[in-house]
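One letter stands for each residue in the lines below.
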Amino acid sequence: MAQLPARTRSIRLLRAACHAAIAALALAAGAVQAGGKVHPAAWPAATHATGLDADGERRVGELLARLSVEEKVGQVIQTDISQLEPGDLRQFPLGSVLAGGDSGPGANDRAPPAAWLALARAFRAVSTEERPGHVPIPVLFGVDAVHGHNNIIGAVLFPHNVGLGAAHDTELVRRIGAATAQQVAATGLDWTFAPTLAVPQDVRWGRSYEGYSQDPALVRDYASAMIEGLQGPPGAGGLLQSGHVAATAKHFLADGATREGVDQGDATVDEAELVRVHGAGYAAAIRAGVLTVMASFSSWQGAKMHGNRALLTDVLKERMGFDGFVIGDWNGHGQVPGCARRRCTAAFNAGIDMFMAASGWRGLYANTLRAVRAGEIPMARLDDAVRRILRVKLRLGLFAPERPFEGRFDLLAPVELHELGRVAVRESLVLLKNDGVLPVRASARVLITGAAARDVRAQTGGWTVSWQGADTLPADLPEATTIEDGLRAAIDAGGGIVVDAAEDPAASRPDVAFVVFGEPPYAEGAGDLKLPLYGSRAALTQLRYLRRLGIPSVAVFLSGRPLWVNPELNASDAFVAAWLPGTEGEGIADVLVGDSQGKPRHDFRGRLSFPWPRTVAAEPFARGDRRPLFPLGFGLSYAHGGRLPRLPEDILGRPPSPVAAH
Ligand code: GLC
């Protein structure tokens, strides 16, 4: 989480503090036993291979034995690059730094790749200095590269996870992971906070698009594919030397199961559902050798995950055999009852191995050191956390001087990645309706309109250059092609005409109109909705006008999730769910525009990985108590079309009253 506007931040802090105070009082009164009862034997005993052999473990032990308590405490604290300078590591030997969504070298989240590499090297240099009282241990540098290296200007960015889920293609996901790892390694960073293994249950959650699917089996398969793409095959060593980086399975656990999809809320599912649905990705991730797991801000049955020892330690580490390390989320430890950003023994003793301490990290360092000296944090717990961190650093190849991929900025946007991104876009598209207007002949006379036709931000969404992605400019994504770019190129190539979008279609009389529209960019709680309702009606007005003129229309909907759009479905002749496709907007024209004779160049392959709302009634689909409009797995194609009857336009799905029909 990056720096929110001050007012938002203070409201959030106040809300979190109130929740924590209430929980603490209830706990103290014995009124509430926070957290459900956990039965580790009910969980899969996954085997985990960080890939360290006996020699590696011996080396970890030797390093650990040389560390002072001050340096051990340093290893378990990470802070954001906006909070310190490389030189600060001399006084505070932190084990890791991160670049949060809005952070960049020199407080510039639009810094060029060379500036990122220089900063990474500066931190690494100080952390590996030979100086009295210091054991040289390279600092780990983490970043959210969640759909390509999305902090970096000029990188190819892939579809967000919701679109990859619709593609149902694990090999594609593996290739994207491998490509992303090389982009990250090229800039000198070592670790990405991906993949998200949430199984979102309610599309009102602002992070639904970070999830692959509501189908745990798909999340399980993608977990393995993405982690092996990012890290390389399980058990291999020297990741950085082979152009791989550390991955993160996040956010443990059940971040996508909170009531009403409230971000950082409370998941009240029972343990059986926790194992079967929300744990599915983690067992696979552990088997794939994932090196880190990030704890969730959310709670399970009233207990904050950051303080849940039963799940973080008894289940994840002991039962499932995870032997990498658990990173907390952005000051998430501060939400644990009895904790604050600068002081939290409960989260550390529960199983957080490294605090993600954005602000207040100096205080946290001092208080954690004091807690260890006072015995509030057992030395055995501190040693276990540091051992885990050293194990990951060794497995990564962080101590080795060779970094052959550093400076390879040609890996950020080579032709192969543009093609890979374009394939991903094509495979992610889901056809919900086609009354015969698609594929459009390349020789046709077309109108391209809609607020998102030329808005690259609508394609890339949140986690793009900045945290929210709302201020991303075309200049920030020089490698991007807009959806209009792609449509225009396909029509030009086929001898067709693109009419002037400023002209009234009643005058320009196109054969067909593409209307491209969708959600504005958002990240995390900023994207939470009260109802799964698409809010803007601008596109609907355009679609209805075109319908009145008798001009067939193709709706292209960009969103981070399925939303109720019955009126837009009724008013269009074809409707394509395009999700958040990333920089390769051309992939959409590849499927929607055929050859000059109208034969498809690429067919639709995408199938829904989330059910589509039939109404905006508040109950989530997960418990199966409501039929979706389109179920999981739905998707038409040119080979297998289908007509869509007229849909109710009452938001609760009630049919129009007889009076209204006249
Ligand atoms: C955020 C997110 C997490 C991200 C972290 C670092 O709050 O919850 O997914 O990895 O902070 O940016």
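Coordinates for the structure precede this section.
Note that the coordinates shown come from a computational prediction; the quantities given were computed from them, not determined experimentally.

Criteria and cut-off values
Residues numbered from 1 in each chain as written. Predicted model: local features only at pLDDT ≥ 70, side-chain atom pairs only at ≥ 80, totals over all residues. Heavy atoms only, no water. Helix = DSSP H or I, 4+ residues; strand = E, 2+ residues; numbered from the N terminus. Buried < 20%, exposed > 50% of the residue type's maximum accessible area, 1.4 Å probe, protein only. Contact = heavy atoms within 4.5 Å. Areas by Shrake-Rupley, 256 points an atom, 1.4 Å probe, with all protein chains shown as cover. Lys, Arg positive; Asp, Glu negative; His and termini not counted. Charge placed at Lys NZ, Arg CZ, Asp CG, Glu CD. Pairing = 2+ DSSP bridges. Axes fitted to C-alpha atoms, helices over the stretch in contact; angles between N-to-C directions. Disulfide = S-S within 2.5 Å. Core = buried A, V, L, I, M, F, W, Y, C linked by side-chain atoms within 4.5 Å. Domains from an automatic or database assignment. Patch = residues over 30% accessible without salt bridge, like charges linked within 9 Å, V, L, I, M, F, W, Y side chains within 5 Å. Salt bridge = Lys/Arg side-chain N within 4 Å of Asp/Glu carboxyl O. Right-handed = clockwise from strand over helix to strand, strands pointing away.

### Focus: the overall build of the protein
Next, step 1: Scanning the protein from terminus to terminus reveals 21 helices and 17 strands.
Next, step 2: Expressed as lengths along the three principal axes of its C-alpha atoms, the size of the protein is roughly 80 × 55 × 45 Å.
Next, step 3: Looking at the protein residue by residue over its 662 residues, the buried ones come to 62%.
Next, step 4: In the protein, the share of contacts with a sequence separation of at least 24, taken over all contacts with a separation of at least 6, comes to 79%.
Next, step 5: Of the roughly 22,800 Å² of accessible surface on the protein, 55% is carried by carbon and sulfur atoms.
Next, step 6: Charge-centre separation for the protein: the mean point of 67 positive side chains lies 4 Å from the mean point of 69 negative side chains.

### Focus on the sheet that holds strand β14 (residues 497-498)
Next, step 1: The strand order across the open sheet built from six strands is β12-β17-β16-β15-β13-β14, with neighbouring strands paired in mixed fashion. Sheet topology places β12 (430-434) and β14 at the edges, where each strand pairs with a single neighbour.
Next, step 2: Sheet topology note: the strand β13 (residues 445-449)/β14 ladder contains two bridges and is parallel. Across the sheet, the residue bridging to V446 is V498, located in β14.

### A look at the environment of G469
Next, step 1: When you line up the elements, G469 lands in the loop between α15 (456-460) and α16 (483-493).
Next, step 2: Residues G469 and K599 lie 130 residues apart in sequence; the distance between their C-alpha atoms is 37 Å.
Next, step 3: With residues near it in sequence (within four places) discarded, G469 still touches R457, G461, G462, W463, T464 and P521.

### Examining unusual backbone geometry
Next, step 1: A cis amide bond links A194 with the next residue in sequence, P195, at an omega value of 10°.
Next, step 2: Of note, P195 is situated in the loop between β4 (191-192) and α7 (216-231).
Next, step 3: Omega for the bond connecting L438 with P439 falls within 30 degrees of zero, at -5°, which places this linkage in the cis form.
Next, step 4: Considering the arrangement of structural elements, one finds P439 in the loop between β12 and β13.

### Quick look at the sheet that holds strand β10 (residues 325-327)
Next, step 1: What the three strands build is an open sheet, ordered β5-β7-β10; its pairing is parallel. The open sheet has two edge strands with one neighbour each: β5 (248-252) and β10. On average, each strand axis in the sheet is inclined to that of its neighbour by 30°, with strand direction left out of account.
Next, step 2: Pairing of strand β7 (residues 292-295) with β10, which is carried by three bridges, proceeds in the parallel orientation.

### Considering the state of the cysteines
Next, step 1: This model, assessed by the stated rule, comprises one disulfide.
Next, step 2: The disulfide partner of C339 is C344, and the S-S distance across this bridge is 2.1 Å. Negative torsions about the S-S bond denote left-handed disulfides, and the value of about 65° found for C339 with C344 makes this one right-handed.
Next, step 3: The exposure class assigned to C344 is buried, which follows from its relative accessible area of 3%.

### Concerning the nonpolar core
For soluble globular proteins, the rule of thumb is that nonpolar side chains tend to be buried together.
Next, step 1: W43, I77, F141, F252, V293, L311 and F355 are the most contacted members of the largest nonpolar core, which has 140 residues in total.
Next, step 2: Counting contributing residues per domain, this core is built from domain 1 (6-44 + 54-410) and domain 2 (429-621), each supplying no fewer than three.
Next, step 3: With sequence-adjacent residues up to four places away left out, V293 is seen in contact with T248, A249, F252, Y282, L316, F322, F325, V326 and I327.
Next, step 4: Counting 40 residues, the second largest nonpolar core, distinct from the first, contains L432, F517, A555 and W579.

### Some details on a nonpolar patch on the surface
Next, step 1: A surface patch of nonpolar side chains, amounting to about 220 Å² of accessible area, comprises L531, I651 and L652.
Next, step 2: With respect to the helices and strands, the residue I651 is situated in the loop between α20 (586-592) and α21 (658-661).
Next, step 3: For I651, a relative accessible area of 36% corresponds to the partly exposed category.

### Digging into the side chain of T449
Next, step 1: In this fold, T449 is placed in strand β13.
Next, step 2: Classification of T449 by relative accessible area gives buried; the value is 13%.

### Digging into the pairing of strand β2 (residues 96-99)
Two faces make up the sheet, and in a regular strand the side chains alternate between them.
Next, step 1: Across the two faces of β2 the burial is the same, with S96 and L98 and V97 and A99 all buried.
Next, step 2: When strand β1 (residues 77-80) meets β2, the two strands line up parallel, connected through three bridges. Along β2, the bridge assignment pairs D80 with L98.
Next, step 3: Taken together, the four bridges between β2 and strand β3 (residues 140-143) define a ladder with parallel strand orientation. Each residue of the ladder has a partner; that of L98, found in β3, is G142.
Next, step 4: In terms of handedness, the path from β2 via helix α4 (residues 113-127) over to β3 forms a crossover that is right-handed.

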